[in-house]
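Notes for the structure review
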Amino acid sequence: MKKIAYLVTFLSLLLWTQSVFAQQVTITGVVTGEDNSALPGVSVAIKGTATGSVTDANGKYSLRVPDGATTLVVSFIGMVTQEIAINGRTQIDVKLQADVTSLDEIVVVGYGGVKKSDLTGSVASVETQKITQVATVDVNQALQGKVAGVQITPNSGAPGAASKVRIRGIGSFGDSSPLYVVDGYPTSSIDYISPNDIENMEVLKDASATAIYGNRGANGVVIITTKKGKAGTPTVNVNMYAGIQNPWHTLKLTNAAEYATLYLEAYTNDGKDVTDPEEFNAANYTTLKDAIDKNLKGTDWQKEVIRKNALIQNYNFSITGGSEKSRFGVSGTWFGQDGTVINTAMKKLMLRVNNDYTFNKRINAGWSVAYTNSNFTNYLIDQYAGVLPTAIVASPVTPAWDPTTNNYGVATQFSTGSNPLRLANELKNRNSKQNRIVSTVYGEAELLSGLKFRSNFGGELFYNISDNYSPQFYISPNEQRSQSNLVEERTQGWQWTWSNFFMYNKEIGDHTINASIGTEAQSALSNGTSVTGYDMQNDPSQLYIGSARQTTFSAGSTVGRNTLLSFFGRVNYTYKGKYLITVTGRRDATSRFIQSNRSGFFPSFSLGWNMKEETFLQNVNWLSNLKLRVGYGEVGNQNISNTAIYNTIQTQQRYSFNGIAVDGRAMTTLSNPNLKWERSKMTNVGIDAGFLNDKVNLTLDYFIKRTSDMIVTPAVPAYTGYLAPAMNLGDMENKGLEVALNYVNREHEFKYDLGVNMSFIRNKIVEMGGNYIDGGNINTLGNTTRTQKGNTIASFYGRKTDGIFHNQGEIDSYVHTSANGTTKQIQPDAKPGDIKYVDIDGSGSIDDLDRTYLGSAVPDFTYGFNAFMSYKNFDLKLFFQGTYGNEIVNGLAVFTSNQTGVFNSYQDRMDRWTPENPSGNEPRMSLNAPVHFSDRYVENGSYLRLRNIQLGYTIPEAGLKKLGVKSLRVYVSADNLLTFTKYRGYDPDVSDLWNNPFYSGVDMATYPQARTFIGGINLTF
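Nothing here was measured: the structure is a model prediction, and the numbers come from that model.

What counts and what doesn't
Residues numbered from 1 in each chain as written. Predicted model: local features only at pLDDT ≥ 70, side-chain atom pairs only at ≥ 80, totals over all residues. Heavy atoms only, no water. Helix = DSSP H or I, 4+ residues; strand = E, 2+ residues; numbered from the N terminus. Buried < 20%, exposed > 50% of the residue type's maximum accessible area, 1.4 Å probe, protein only. Areas by Shrake-Rupley, 256 points an atom, 1.4 Å probe, with all protein chains shown as cover. Lys, Arg positive; Asp, Glu negative; His and termini not counted. Charge placed at Lys NZ, Arg CZ, Asp CG, Glu CD. Salt bridge = Lys/Arg side-chain N within 4 Å of Asp/Glu carboxyl O. 1 Å grid on protein atoms, 1.4 Å probe; cavity = no way out; pocket = protein on both sides within 12 Å on 5 of 7 lines; lining within 4 Å. Points joined across faces, edges and corners; volume = space filled by probe spheres on them. Nonpolar A, V, L, I, M, F, W, Y, C, P; charged D, E, K, R; others polar. Pairing = 2+ DSSP bridges. Patch = residues over 30% accessible without salt bridge, like charges linked within 9 Å, V, L, I, M, F, W, Y side chains within 5 Å. Contact = heavy atoms within 4.5 Å. Core = buried A, V, L, I, M, F, W, Y, C linked by side-chain atoms within 4.5 Å. Phe/Tyr/Trp six-rings, centres within 6.5 Å; stacked < 30°, edge-to-face > 60°. Lys NZ or Arg CZ within 6 Å of the ring centre and 35° of its normal. Expected span 1.5 Å × (residues − 1). Polar contact = N/O pair within 3.5 Å; in protein donor to acceptor, adjacent residues only side chain to side chain. Axes fitted to C-alpha atoms, helices over the stretch in contact; angles between N-to-C directions. Parallel < 35°, antiparallel > 145°, perpendicular 65-115°, else oblique. Left-handed = near helix turned anticlockwise from the far one by under 90°. Arc of directions from axis to C-beta.

Here we look at the overall build of the chain
Within the chain one finds eleven helices and 57 strands. When each of the 1021 residues of the chain is scored for burial, the buried share is 50%. For the chain, the exposed area adds up to about 45900 Å²; of that, 56% sits on carbon and sulfur atoms. Each charge class in the chain can be summarised by its mean position, and for the 92 positive and 91 negative side chains these summaries are 9 Å apart.

Right, dumping it as structure tokens:
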């Protein structure tokens, strides 16, 4: 009976299975993109059911469809979702179109996100392919020229050098850098992130968007979302490139014969007999005369210290995958760069791991850890000890290495300063090592329909080492170091941020509410130690403090801690998708001010009108999107020293009591207990427009930003014995217009994506309380900038010139006529060939009262142009970037345009005035020529640069299947291939010297950007 029962059961199951399968059919097909390439990971589902499939690496899918099913839904990120009628077919191939509009795309704006169509603030998104275009691991440099209103200037072309980032101009007398938020973790530096690890980047520019970050959002916010793991078969990506670098430009300087001519002429013009040993060194005369007679080229110091074909290489890999419950991502980047100045280099390792979990429909969590190790040369920027500044001014008559003495050439024989080759070789033992670990963890739970709670915790540890060894040497009595020394610096610390907030997102009929409310706590601690040891052996194995043979050491230490507690909230309200309102508020309390000034509240509101949704525009087919935005907000700034509100005391101060030296303490910096927040108020009006089904997109923004109570440390007389306290002094205004225009065409074999952006920003000091701040000091020239009411911050300030005097008649006729009709010569001591200064104040004489404003480092406008083009398997990328209307102080011109002949000069100095060349426009040679800062040192800083050009080819998929490779692209690329500029220095892309805003646009032979040629591959399998 059991056997009969089993048989009946088996037959029943078989008949049931046959019945079920008789009601199903299998549909297969291939899903491709617009370029006919296969799309893996595309969702193919039966509409109205949970039944679906995903395309494989070749874009193929297979799906069992029950009887009665009528429609397939095919969807993929970045593509337009298609609904396709089955109509009894068993083979359905699909071609997806790119989603050009993306108005429902979620834009991250801090503590949540909103649909792009509901956005009311000024927020710019940057595509990943634009971030990875340039050969760099500095995300900021990769962003240069890509976003309207964002000006990025490398501090230097040296390996490991950071960049200056300014969103909508200079925002403060102190630090104007933006806040970065990476996966919810706020930080001041993103040097631990590789451009290849970035999924999305948004730039929040106006106060209505940044107010949610309160005091840290005063200078804009850059929000970065890193790449995460995705469910499915693990995907491996490999991106690598290697190439060479060379300076894009070197200076045209005089050779040995020309230098000697100018040198001797300066003495002769001042009445010296250079052939008389009593008036001029005989050996020096012989050397100089020999250089002239033999037309010697001499030493090209730039060639001595600049490296040709410096290597650059980058290797990046990532693995992502997982299941619906657990997804992971692992990535690593190694970057190596030899600098174009010898003995400068950087090596950097970046590792990143992340994991995301979905426990159920309501709860998910995740974590990430990033580790960065970088090792780079401490390149010194100094007027007299920097490699490039000394290489420019050193005498070409002096040999780099003297075979007679088997020692470096004596740089001080004719000029002043140090032997540039010696300085370059000392860089071998000047290095920094930085280690940083950044980790984040989050949890999110949906409490009710539309209501979520999220907790983010992020923290970091850092440990940095800097070793600078200066060896003992002797070249001449004027160029020696009698004792070696080693400076060891150690800096370590931590910081953490914990954010807890609720998010509510609900659609109720025509009403949509998106709200966030929460709290955030932050804390940071850092301490540093510096020790100097003396009399060290010049042996790499002995370069540590313990090996010092002298028992006397110099030591110092620092410590700093700050905390911040915040409460914030935001509400976005949308009615019928047409009318938008956003209201934000944040209250911050910081430890950097006393209790009465500790807290600040920063509100904002903004309105939006999606005009395209109105009935009077719905039938305007050529207009696909039109939105008007208006916003106002207030943000604060507390980027000051942790000790600004305290008196500071210096240790190791000695005083004699009864003839006995006693150690003591002395107050060095006064406190200011009344110090309070800087506060910025910004108004923004913007328009977003789309045309021709959003093939053309236009964004316009006009803004006015007023910063008040700016914190600055004013100068005080030295006789006070103290440094001045930080004070709230001055108001500043930035106002401007931003334009971004993009055109996309992806409908044909030849596809292209063109984009241009421009920014027009005007900066003005509105109030300084009757004070002014001088800065930009250059030895010999003095101060070069002045910050004063009515002018741009750090405007160039000096004397104005009117060419040179070509003859005595011009000197005699340059007179001042007084009210009573008497006349007097304005420059009575001048001689033909001297510089003619303008009598600005009309006093009849030239003095410091004739100084005036000579320009500014703030450009009239900045711009960028991107072009992405492809035809079949070929692609071409172009990126231009530049500035217009800014000036630069060529600080080294005090030497390279010198009249004394002591320093090497620009080649055009050979056109100086002489009796034989009375029409020359360069001043005559003279040892006694006075030196004043004037417009002769202020040069046109405008430039246009082909920042990158890249040609790529994607290998056809058919040739890769056997290798298990999904895609392979090879490319060649060039950075800084062309630069058009009138600036005579190394590079017109000049930042703030020594990161000081009052040195903005002051150039001291900044390490130039390199022209780079690379080849690379992008591989996926």
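Let's talk about the pattern of salt bridges
This model, assessed by the stated rule, comprises 39 salt bridges. A salt bridge links Asp992 to Lys164; the nearest nitrogen and oxygen atoms lie 3.1 Å apart. Note that Asp992 is positioned in the loop between β55 (967-981) and β56 (1002-1003) and Lys164 in strand β12 (residues 163-167), a separation of 828 residues in sequence. When sorted by exposure, Asp992 lands in the same class as Lys164, which is buried. Taken together, the shared-partner salt bridges connect Arg422, Glu426, Glu479 and Arg481 into one network.

Concerning empty space enclosed by the protein
Considering all chains together, one arrives at eight cavities of 30 Å³ or more under this definition. The volume enclosed by the largest cavity comes to roughly 490 Å³. Forming the boundary of the largest cavity are 40 residues, of which Gln151, Thr153, Ala857, Pro859 and Thr862 lie nearest the centre. Elements that contribute at least two residues to the lining of the largest cavity include exactly β11 (150-154), β12, β41 (750-767), β50 (861-871), β51 (874-884) and β52 (887-890). Looking at the lining of the largest cavity residue by residue, the class counts come to 14 nonpolar, 18 polar and eight charged. Its volume calculated, the second largest cavity comes out at about 120 Å³. If you trace the second largest cavity, you find 15 residues lining it, with Val109, Leu119, Thr120, Asn572 and Thr582 closest to the centre. Tallied by class, residues from the lining of the second largest cavity come to six nonpolar, seven polar and two charged.

Let's talk about the pairing of strand β15 (residues 198-204)
Counting buried residues along β15, five of its seven residues qualify, which places the element largely inside the surrounding structure. Sheet topology places strand β10 (residues 123-126) next to β15; four bridges connect them, and they run antiparallel. Among the inter-strand pairings, Ala124 is bridged to a residue of β15, identified as Val203. Judged from the six bridges that link them, β15 and strand β16 (residues 221-226) form a sheet pairing that is antiparallel.

A closer look at the pairing of β11
Residues in a regular strand project their side chains so that they alternate between the two faces of the sheet. Counting buried positions over the five residues of β11 gives four, a clear majority of the element. Sheet analysis places β11 next to β12, joined by five bridges and oriented antiparallel. The residue of β12 that forms the bridge with Ile152 is Val165.

Looking at a nonpolar patch on the surface
On the surface, Ile581, Val583, Phe605, Leu607, Val630, Val685, Tyr702, Ile704 and Leu737 cluster together into a nonpolar patch covering about 700 Å² of accessible area. When residues of the nonpolar patch are traced back to their parent elements, those giving at least two are β31 (579-590), β32 (599-610) and β37 (696-708). Looking at the element boundaries, Ile704 is found in strand β37.

Brief notes about the environment of Ala893
Within the fold, Ala893 resides in helix α11 (residues 893-896). Along the sequence, Ala893 and Leu692 sit 201 residues apart, while their C-alpha atoms lie 53 Å from each other. Contacts of Ala893, omitting those with residues within four sequence positions, involve Asn898, Tyr906 and Tyr937.

Digging into the nonpolar core
In summary, soluble globular proteins display a tendency toward joint burial of nonpolar side chains. In terms of nonpolar packing, the biggest core is built from 46 residues, with Tyr379, Val387, Leu388, Phe796 and Phe933 touching the most fellow members. Counting residues per element, this core draws most heavily on helix α8 (residues 387-393), which supplies five residues. Non-local contacts of Phe933, meaning those with residues more than four positions away in its chain, are made with Leu781, Asn783, Thr784, Phe796, Tyr797, Gly798, Arg799, Leu854, Val889 and Val938. One finds Ala124, Ile190, Tyr192 and Ile198 within the second-largest nonpolar core, a separate group that totals 24 residues.

A look at the sheet that holds strand β53 (residues 938-940)
Across the sheet, which stays open at both edges, the three strands sit in the order β53-β52-β56 with mixed pairing between neighbours. If you trace the sheet from one side to the other, it starts and ends with β53 and β56, each paired once. One ladder, built from three bridges, connects β52 with β53; its direction is antiparallel. Bridging across to β53, Glu887 finds its partner in Asn940.

A word on unusual backbone geometry
Its identity as a non-glycine residue notwithstanding, Leu692 has a phi of 55°, on the positive side. As for its position among the elements, Leu692 is in the loop between β36 (678-691) and β37. One non-glycine residue, Asp709, lies in the positive phi region at around 55°. Tracing the backbone shows Asp709 in the loop between β37 and β38 (711-712).

Describing the environment of Asn625
Following the sequence through the fold, Asn625 ends up in strand β33 (residues 623-637). Through-space distance from the C-alpha of Asn625 to that of Asn610 is 7.7 Å; in sequence the pair is 15 residues apart.

With respect to the packing of aromatic side chains
A complete count under the given rule lists 34 aromatic pairs for this structure. Between Phe501 and Phe568, the aromatic rings sit 6.3 Å apart at their centres with planes inclined by 55°, giving tilted as the arrangement. Linking Phe501 in strand β28 (residues 485-508) with Phe568 in strand β30 (residues 554-575), this pair joins segments that are 67 residues apart in sequence. We classify Phe568 as buried; its relative accessible area is 4%. Among the aromatic side chains, those forming a connected cluster through ring pairs are Tyr259, Tyr263, Tyr267, Phe280 and Phe414. Across from the ring centre of Tyr442, 4.2 Å away, lies the NZ or CZ of Arg454, which sits over that ring. The cationic tip of Arg786 hangs over the ring face of Tyr772; the distance from NZ or CZ to the ring centre is 3.8 Å.

A short note on helix α5 (residues 256-269)
Across its 14 residues, α5 extends 20 Å between first and last C-alpha, which sits within 8% of the 20 Å expected from 1.5 Å per residue. In terms of residue burial, α5 counts as a mostly covered element, since eleven of its 14 residues are buried. Those residues of α5 lying buried are Ala256, Ala257, Glu258, Tyr259, Ala260, Leu262, Tyr263, Leu264, Glu265, Ala266 and Tyr267. For α5, the elements touching its buried residues are α6 (282-293). Where α5 starts, the residue carrying a side-chain oxygen 3.1 Å from the main-chain nitrogen of Ala257 turns out to be Asn255. Two residues or fewer past α5, Gly271 is found with a positive phi of approximately 85°.

A look at the side chain of Lys627
If you trace the backbone, Lys627 turns up in strand β33. Lacking a salt bridge, the buried Lys627 has Asp688 as its closest oppositely charged neighbour, with an N-O distance of 4.1 Å. A polar contact of 2.7 Å, which involves the side chain of Lys627, links it to the backbone oxygen of Leu119. Non-local contacts of Lys627, meaning those with residues more than four positions away in its chain, are made with Lys116, Ser117, Asp118, Leu119, Leu580, Trp609, Asn610, Met611, Gly686, Ile687 and Asp688.

Describing the packing of α5 against α6
Close contact between α5 and α6 brings their axes to 8 Å; oriented N to C, the two are set at 130°. One way to sum up the angle between α5 and α6 is to call them oblique. In terms of crossing hand, the pair formed by α5 and α6 is left-handed. Between α5 and α6, the contacting residues are Ala256, Ala257, Tyr259, Ala260, Thr261, Tyr263 and Leu264 on the first element and Tyr285, Leu288, Ala291 and Ile292 on the second. Each residue belonging to the contact of α5 with α6 can be placed in one class, and the counts come to ten nonpolar, one polar and no charged.

Things to note about the sheet that holds strand β3 (residues 52-54)
For sheets, the rule is that strands pair by backbone hydrogen bonds, running either parallel or antiparallel. Here four strands make up an open sheet; going across it, the order is β3-β2-β5-β6 and the pairing antiparallel. The strands lining the two open edges of the sheet, one partner per strand, are β3 and β6 (82-85). Strand-to-strand twist of the sheet, defined as the mean angle between neighbouring strand axes without regard to direction, takes the value 20°.

Notes on α6
Between its terminal C-alpha atoms α6 stretches 16 Å, which fits the 16 Å expected from twelve residues at 1.5 Å a residue. Turning to α6, its buried residues are Asn284, Tyr285, Leu288 and Ala291. End-on view of α6: buried residues confined to an arc of 130°, all on one side of the axis. Looking at α6, the residues exposed on the side facing more than 90 degrees away from the buried face are Thr286 and Asp293.

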